[in-house]
There are 2 protein chains.
Amino acid sequence: MEDRIYNFAAGPSMLADEVLIKIKEELFNYKGSGMSVMEMSHRSKGYLEIFENTKAGLRRLLEIPEDYEILFMHGGATGMFASIPQNLLKGKTADYVITGNFAKKAAQEAEKFGDVHIAYDGKENNYSLIPDENELNFSEDPAYIHICANNTIYGTEWKKFPKVESVPLVVDMSSDILSKPINVSDFGLIYAGAQKNMGIAGFAVAIIRKDLISETDPKVPSIMNYELSLKNDSMLNTPATYPIYVLGKVVEWLEEIGGLKEIEKRNILKAQKLYDFIDNTPFYRPHAQKESRSLMNVTFTTPDPELDAAFAKQATENGLSNLKGHRLVGGLRASIYNAMPLTGVEKLIDFMDRFAKENG
Amino acid sequence: MEDRIYNFAAGPSMLADEVLIKIKEELFNYKGSGMSVMEMSHRSKGYLEIFENTKAGLRRLLEIPEDYEILFMHGGATGMFASIPQNLLKGKTADYVITGNFAKKAAQEAEKFGDVHIAYDGKENNYSLIPDENELNFSEDPAYIHICANNTIYGTEWKKFPKVESVPLVVDMSSDILSKPINVSDFGLIYAGAQKNMGIAGFAVAIIRKDLISETDPKVPSIMNYELSLKNDSMLNTPATYPIYVLGKVVEWLEEIGGLKEIEKRNILKAQKLYDFIDNTPFYRPHAQKESRSLMNVTFTTPDPELDAAFAKQATENGLSNLKGHRLVGGLRASIYNAMPLTGVEKLIDFMDRFAKENG
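Residues numbered from 1 in each chain as written. Chains lettered and ligands numbered in written order. Predicted model: local features only at pLDDT ≥ 70, side-chain atom pairs only at ≥ 80, totals over all residues. Heavy atoms only, no water.

### Details of the overall build of chain A
- Counting secondary structure elements, chain A contains 9 helices and 14 strands.
- Relative to the globule expectation of 21 Å for 360 residues, the C-alpha radius of gyration of chain A, 21 Å, shows essentially globular dimensions.
- Considered along the principal axes of its C-alpha atoms, chain A spans approximately 60 × 60 × 30 Å.
- In chain A, which comprises 360 residues, the share counted as buried stands at 64%.
- A separation threshold of at least 6 residues defines the contact pool for chain A, and within that pool the share at least 24 residues apart is 66%.
- On chain A, roughly 13800 Å² of surface is accessible, and the fraction owed to carbon and sulfur atoms is 48%.
- With 40 positive and 50 negative side-chain charges, chain A shows a separation of 3 Å between the mean positions of the two kinds. (Helix = DSSP H or I, 4+ residues; strand = E, 2+ residues; numbered from the N terminus. Rg over C-alpha atoms; globule rule 2.2 N^0.38 Å. Buried < 20%, exposed > 50% of the residue type's maximum accessible area, 1.4 Å probe, protein only. Contact = heavy atoms within 4.5 Å. Areas by Shrake-Rupley, 256 points an atom, 1.4 Å probe, with all protein chains shown as cover. Lys, Arg positive; Asp, Glu negative; His and termini not counted. Charge placed at Lys NZ, Arg CZ, Asp CG, Glu CD.)

Now the structure itself:
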């Protein structure tokens, strides 16, 4: 694969070589259609087949029950931050659990459209952990409870979601969807921007329990209206046709390698190796607390910010790119999504070892 | 180019071979970066260069003056239908000129957010023409006047826009942007979904006079807020990174062939040949009136709907695809955007000639 490097970016992020190979093969002439998927009308038979196969594959992979719908929405997760309250609040209060920057942004956006109750905010611990269930202070009768499953910036991840009985749990899985099996029935709405484990930027996937879609206020912008999206099978207007095709290729790849159980095994192995190395190397300090650690985004620091900067620079020179941490946490971050192979993590560990010895 | 066909789809639509070749070349490893553009973080130096070059190229190509900003917005033109009134109405009335289906949809969406005045509606003539300036009945002090430059479904196009003095003209150029030079200063806001002359589906381009961006109501969804988009250089959240890269390739191609004057010459030649043939072949009847005809979408019918269907089917078998007209007009439609080569139009004319002789 032509000198490809290991890209530890938090998103947009790496694609599996197998996915890129397929995309390149099909680029000029998709399966004898005489055109690129990029050029296909979203209403054409050829494209509709891609579209339906993508949805069906996603349904198989995540074992999405029949009473859930898959919607492809514009505007990424930030678009969803606005559409969720506009579709689900219905005059009630929504509870938001703030475990990081995007959880906070989701709550701030929701405040534009109704009452928001903050059930928890981890800013005192600099979002280094996922709270226990008994630390969550829910309101009396919320329309929904919003949680961010994986906090990309801070490197924390929910291992077990709170029991919320009859309240729909709305979960932003932008940075850990498809990384492991989940029980879709535990949630009212699962959503994710596509540019991490689902392919490339340009849309969001929403997996929503059918009964939650009902009579959206007609004043809601059409592209944010779940009722209209469902009625039009996500084609109220032209969807992000090519990014959706890429999602289809990612789904095919995951099915070929053995599905979400297999990818989870690989993800655990990668993360375990990296966390073990960090834990056993005093030169590095992890940001996230042990029991809250993300399988996807590993956050850590060297003894000082100048060394962090040197680390990121030298890593890049060694074919390990985008390891600089987010400015809100500083330090370093290795995003090891599904597409990052074990060899990438092993090379990172080798480099970290060398760097620690040279600078420790 | 591996048996590629001529694709007359109204959008998403053909890309120039030159553009697809470049995209394929750069797919695995963009300019030695070791990664695909699909995988690049939108915040990375490599991607920001692509992003800025795309904007700069577009600015050169359209000769966009310094007092105009380029924004890349989510949700395509339909997203813009909602964001325009939310950003520009400011409690006033907006005038909409209805010359087709998308113009109507834009007005209907605007009605959600304030007062809309319909300055003209061509439904009586089945949107077969562009009105004269004196047929437009503007309101007293509109916040803006909205026009759809090219009516994809009906095949009509504004040749000269009304003089509107100090009122900002807001123009949906989704299906004719980049097809010819325009005078950007005549407009307050020009916008277009990307999936016709600008590349692939996934975002909209907005070219807006800077002074029109001011204090957006904070209740507007963030992804629709022009003030926030400008402040964040269209990166409030992850933009449609790859579709924007494709726009960059399209812009490069247009600059290489000689810019918008050259493409206009080619577009006029293609359209002229096709309209001349239709005018000289009584078997075919054009939908749009002569002086209102679009350079981009040529609408016509055969003597009866069954023949229309047979035409579309046989054309497809002859490597000329997607010629079926939109259900609102029926008949046939040949979309001949920038990327359609003259040979495609010539082959279509040959086929039309044969079909007329066989069925006339």
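Read on, since the account is not over.
### Quick look at the environment of alanine 312 of chain B
All names here are of chain B.
- Within the secondary structure, alanine 312 sits in helix H8 (residues 305-317).
- A residue is classified by how much of its surface remains accessible, and alanine 312, at 12% relative accessible area, is buried.
- When the C-alpha atoms of alanine 312 and serine 185 are compared, they prove to be 41 Å apart, with 127 residues separating the residues in sequence.

### Here's the deal with the pattern of salt bridges
- Enumeration over the complete set of coordinates arrives at 44 salt bridges over all chains.
- Where lysine 180 of chain B meets aspartate 176 of chain B, a salt bridge forms, and the shortest distance between an N and an O atom there is 3.9 Å. Accessibility classification places lysine 180 of chain B together with aspartate 176 of chain B in one group, the buried group.
- For the salt bridge of glutamate 262 of chain B with arginine 266 of chain B, the shortest nitrogen-to-oxygen distance reads 2.9 Å. One end of the pair, glutamate 262 of chain B, and the other, arginine 266 of chain B, are both in helix H7 (residues 259-279), 4 residues apart, so they sit about a helical turn from each other.
- One network of salt bridges, in which partners are shared, links Lys22, Glu26, Lys249 and Glu252 of chain A. (Salt bridge = Lys/Arg side-chain N within 4 Å of Asp/Glu carboxyl O.)

### Quick word on the nonpolar core
- Membership of the largest hydrophobic core comes to 196 residues, with the highest contact counts inside it found for Tyr242 and Phe311 of chain A together with Tyr242 and Phe311 of chain B.
- With residues near it in sequence (within four places) discarded, tyrosine 242 of chain A still touches Ile23, Leu27, Val37, Met38 and Ile200 of chain A together with Met38, Ile200 and Tyr242 of chain B. (Core = buried A, V, L, I, M, F, W, Y, C linked by side-chain atoms within 4.5 Å.)

### Focus: the interface of chain B and chain A
- Residue-level contacts link 60 residues of chain B with 59 residues of chain A.
- The largest per-residue losses of area from chain B upon contact with chain A belong to Phe28, Met38 and Glu39 of chain B, which jointly make up 16% of the total buried on that side.
- The tally of links between chain B and chain A comes to 2 salt bridges.
- Inspection of the chain B/chain A interface yields 22 residue pairs in polar contact (both at pLDDT 80 or more).
- For the side of chain B that touches chain A, the secondary structure elements donating two or more residues are helix H1 (17-25), helix H3 (76-88) and helix H6 (241-257) of chain B. (Buried area = accessible area lost by both parts, 1.4 Å probe. Polar contact = N/O pair within 3.5 Å; in protein donor to acceptor, adjacent residues only side chain to side chain.)

### What about the packing of aromatic side chains?
- Overall, the coordinates contain 39 aromatic pairs over all chains when judged by the stated rule.
- Here the aromatic rings of phenylalanine 283 of chain B and tyrosine 284 of chain B are separated by 4.9 Å at their centres, their planes lie at 85°, and the arrangement is edge-to-face.
- Classification of phenylalanine 283 of chain B as buried rests on a relative accessible area of 10%.
- Taken together, the ring pairs in this structure connect Phe277, Phe283, Tyr284, Phe300, Phe311, Phe351 and Phe355 of chain A into an aromatic cluster. (Phe/Tyr/Trp six-rings, centres within 6.5 Å; stacked < 30°, edge-to-face > 60°.)

### Describing the side chain of serine 294 of chain A
Residues and elements named next belong to chain A.
- Within the element layout of this structure, serine 294 appears in the loop between strand E11 (285-286) and strand E12 (297-301).
- A polar contact is formed between the side chain of serine 294 and the side chain of asparagine 150, at a distance of 2.6 Å.
- Look past the residues within four positions of serine 294 in its chain and what remains in contact with it is Asn150, Gly155, Thr156, Glu157, Lys159 and Tyr275.

### With respect to the relation of the copies chain B and chain A
- In the superposition of chain B on chain A (RMSD 0.0 Å, axial shift 0.0 Å), the rotation amounts to 180°. Such values leave the two copies arranged in the relation of a two-fold axis. Scanning chain B for the C-alpha nearest the rotation axis identifies glycine 202 of chain B, at a separation of 2.8 Å.
- Looking at chain B, 98% of its interface residues are interface residues in chain A too, so the copies touch through the same face. (Least-squares fit on C-alpha atoms with pLDDT ≥ 70 in both.)

### Examining the sheet that holds strand E14 (residues 332-335) of chain A
- Reading across the sheet, the 3 strands line up as E11-E12-E14 (chain A) and stay open at both edges, with antiparallel pairing between neighbours. Two strands in the sheet have a free side with no partner beyond their single neighbour: E11 and E14 of chain A. (Pairing = 2+ DSSP bridges.)

### Some details on the side chain of arginine 293 of chain B
All names here are of chain B.
- Following the sequence through the fold, arginine 293 ends up in the loop between strand E11 (285-286) and strand E12 (297-301).
- In this structure arginine 293 comes out as buried when scored by relative accessible area, which is 9%.
- Polar side-chain contacts of arginine 293 include one of 2.7 Å to the side chain of aspartate 279.
- Beyond its immediate stretch of four places on either side in the chain, arginine 293 contacts Gly155, Glu157, Lys159, Tyr275, Asp279, Pro286 and Ala288.

### Topic: helix H9 (residues 342-359) of chain A
All names here are of chain A.
- Under the 1.5 Å per step criterion, the end-to-end length of H9 is 25 Å for 18 residues, consistent within 8% with the ideal 26 Å.
- Burial in H9 covers these residues: Gly344, Val345, Leu348, Ile349, Phe351, Met352, Phe355 and Ala356. Down the axis of H9, the buried set is contained in an arc of 165°. They therefore lie on one face. Facing away from the buried side of H9 by over 90 degrees, the exposed positions are Lys357 and Glu358. (Expected span 1.5 Å × (residues − 1). Arc of directions from axis to C-beta.)

### Some words on the sheet that holds strand E5 (residues 144-148) of chain A
All names here are of chain A.
- Here we have 7 strands laid out as an open sheet, ordered E2-E10-E9-E8-E5-E3-E4, and mixed in their pairing. Here the strands that pair on one side only, and so sit at the sheet edges, are strand E2 (68-73) and strand E4 (115-121). Each strand of the sheet is rotated relative to its neighbour by a mean of 20°, with strand direction disregarded.
- Pairing geometry for strand E8 (residues 169-172) and strand E9 (residues 189-193), over 3 bridges, is parallel. Looking across to E9, one finds that valine 170 is bridged to leucine 189.
- Packed onto the sheet, helix H2 (residues 45-62) meets E2 and strand E10 (204-209) and runs at close to 130° relative to E2. (Axes fitted to C-alpha atoms, helices over the stretch in contact; angles between N-to-C directions.)

### Considerations on the pairing of strand E2 (residues 68-73) of chain B
All names here are of chain B.
- Along E2, 6 of the 6 residues are buried, which leaves the element largely enclosed by surrounding structure.
- The alternating pattern of E2 places Tyr68, Ile70 and Phe72 on one face and Glu69, Leu71 and Met73 on the opposite face, and all of these are buried.
- For E2 and strand E10 (residues 204-209), the ladder comprises 6 bridges, and the chain directions are antiparallel. Each residue of the ladder has a partner; that of glutamate 69, found in E10, is isoleucine 208.

### Observations concerning the domain arrangement of chain A
Residue and element names in this part refer to chain A.
- Partitioning chain A into domains gives domain 1 (37-255) and domain 2 (259-359).
- Here the C-alpha centroids of domain 1 and domain 2 sit 27 Å apart.
- Each partner contributes to the interface: domain 1 provides 27 residues, whereas domain 2 provides 25 residues.
- Between domain 1 and domain 2, the buried area comes to about 2200 Å², and carbon and sulfur atoms account for 56% of it.
- On the surface where domain 1 and domain 2 come into contact, there are 0 salt bridges.
- At the boundary of domain 1 and domain 2, one finds 15 residue pairs in polar contact (both at pLDDT 80 or more). (Domains from an automatic or database assignment.)

### Regarding the environment of leucine 61 of chain B
All names here are of chain B.
- Along the chain, the position of leucine 61 falls in helix H2 (residues 45-62).
- A relative accessible area of 9% places leucine 61 in the buried class.
- Sequence spacing of leucine 61 and glutamate 255 is 194 residues, and the spatial spacing of their C-alpha atoms is 6.9 Å.
- Setting aside chain neighbours within four positions, we find leucine 61 in contact with Leu178, Val251, Leu254, Glu255, Gly259 and Leu260.

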